[in-house]
Amino acid sequence: MTMGWGRTAVVVLAAVTVAGVAGCGGKADAESKPSVSPAASGPTLAEAVVAFQDDLAALNLEGCPSPCGPEIVEVYNNAQMVRRQMNESDAAQGVFTEAYALMDDIQQGFNARGGQDTAASRALVLGPARDLDQWLSDHPVA
């Protein structure tokens, strides 16, 4: 049986929708592992930076809900996406050294929190994330 483009698009769209809904604060593995699967045509560095900064700004504006685990995972994932795009960038060697150090701090904080959702564990990720946000604002990438 062959599927037409319309039917294929509906199936793909449904799969993407289900995957997106499952990743939006649902209990299923939201805290267990951050997603690090590279997309075939991922965002540009500028888009990754905007996603990171927008999510962090929304979190700062709205505060961290309880539980805050999914939001912390999102901040971590966005920082990792920025790192991947910086790695792919044609920028001169050393341009992102300070940003990489801040992303290392985010990663270490994420790992150290061990999935706990306390003010102290949130600070382990959000503190360096805010510093990275400031660095990105001071050093526009696009």
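To be clear, the structure that these remarks concern was listed above.
Now for a quick tour of the structure. (Residues numbered from 1 in each chain as written. Predicted model: local features only at pLDDT ≥ 70, side-chain atom pairs only at ≥ 80, totals over all residues. Heavy atoms only, no water.)

### Some details on the overall build of the protein
Scanning the protein for helices and strands turns up 5 helices and 0 strands. Overall, the protein shows an N-to-C arrangement of helices and strands of α-α-α-α-α. Surface accessibility of the protein: about 8800 Å² in total, with carbon and sulfur atoms responsible for 58%. (Helix = DSSP H or I, 4+ residues; strand = E, 2+ residues; numbered from the N terminus. Areas by Shrake-Rupley, 256 points an atom, 1.4 Å probe, with all protein chains shown as cover.)

### A closer look at the side chain of Ser121
Within the secondary structure, Ser121 is located in helix H5 (residues 119-138). Those residues within four positions of Ser121 in sequence are excluded, and the remaining contacts are Arg113 and Gln116. (Contact = heavy atoms within 4.5 Å.)

### Observations regarding the nonpolar core
With 27 residues, the main nonpolar core has Phe52, Val75, Val82, Met86 and Leu132 as its most contacted residues. Residue assignment for this core shows that the elements contributing at least two residues are helix H2 (45-62), helix H3 (69-88), helix H4 (97-113) and H5. Looking at this core, the element that brings in the most residues is H3, giving 8 residues. Non-local contacts of Met86, meaning those with residues more than four positions away in its chain, are made with Leu45, Phe96, Ala99, Tyr100, Met103, Trp135 and Leu136. (Core = buried A, V, L, I, M, F, W, Y, C linked by side-chain atoms within 4.5 Å. Buried < 20%, exposed > 50% of the residue type's maximum accessible area, 1.4 Å probe, protein only.)

### Concerning the packing of aromatic side chains
All chains considered together, the criterion is met by 3 aromatic pairs. Ring plane angle 15 degrees and centroid distance 4.1 Å describe the contact between Tyr76 and Phe110, whose orientation is recorded as stacked. Taken as a pair, Tyr76 in helix H3 and Phe110 in helix H4 lie far apart in primary sequence, 34 residues in all. Judged on exposure class, the residue Tyr76 and its partner Phe110 are both buried. Ring centres of Phe96 and Tyr100 lie 6.3 Å apart, and the angle between their planes is 75 degrees; this geometry places the pair in the edge-to-face category. (Phe/Tyr/Trp six-rings, centres within 6.5 Å; stacked < 30°, edge-to-face > 60°.)

### Thoughts on the environment of Leu102
Structurally, Leu102 is set in helix H4. Setting aside anything within four residues of it in sequence, one finds Leu102 in contact with Pro128, Asp131, Leu132 and Trp135.

### Looking at H5
Helix length check: H5 (20 residues) gives 27 Å between terminal C-alpha atoms against 28 Å at 1.5 Å per residue, within 8%. Among all positions in H5, only Ser121, Arg122, Val125, Leu126, Pro128, Ala129, Leu132, Trp135 and Leu136 are buried. Where H5 is buried, its residues touch H2, H3 and H4. (Expected span 1.5 Å × (residues − 1).)

### As for the environment of Ala57
Mapping Ala57 onto the fold places it in helix H2. Each C-alpha atom of the pair Ala57 and Asp133 lies 9.1 Å from the other, and the pair is 76 residues apart in sequence.

### Overview of the pattern of salt bridges
One pass over the full model with this rule turns up 2 salt bridges. Between Arg83 and Asp104 there is a salt bridge whose closest N-O contact spans 2.7 Å. One end of the pair, Arg83, is in helix H3; the other, Asp104, is in helix H4, and 21 residues separate them in sequence. The shortest N-O distance in the salt bridge between Arg122 and Asp117 comes to 2.8 Å. When its relative accessible area of 17% is taken as the criterion, Arg122 is described as buried. On the basis of relative accessibility, which here comes to 27%, the residue Asp117 falls in the partly exposed class. (Salt bridge = Lys/Arg side-chain N within 4 Å of Asp/Glu carboxyl O.)

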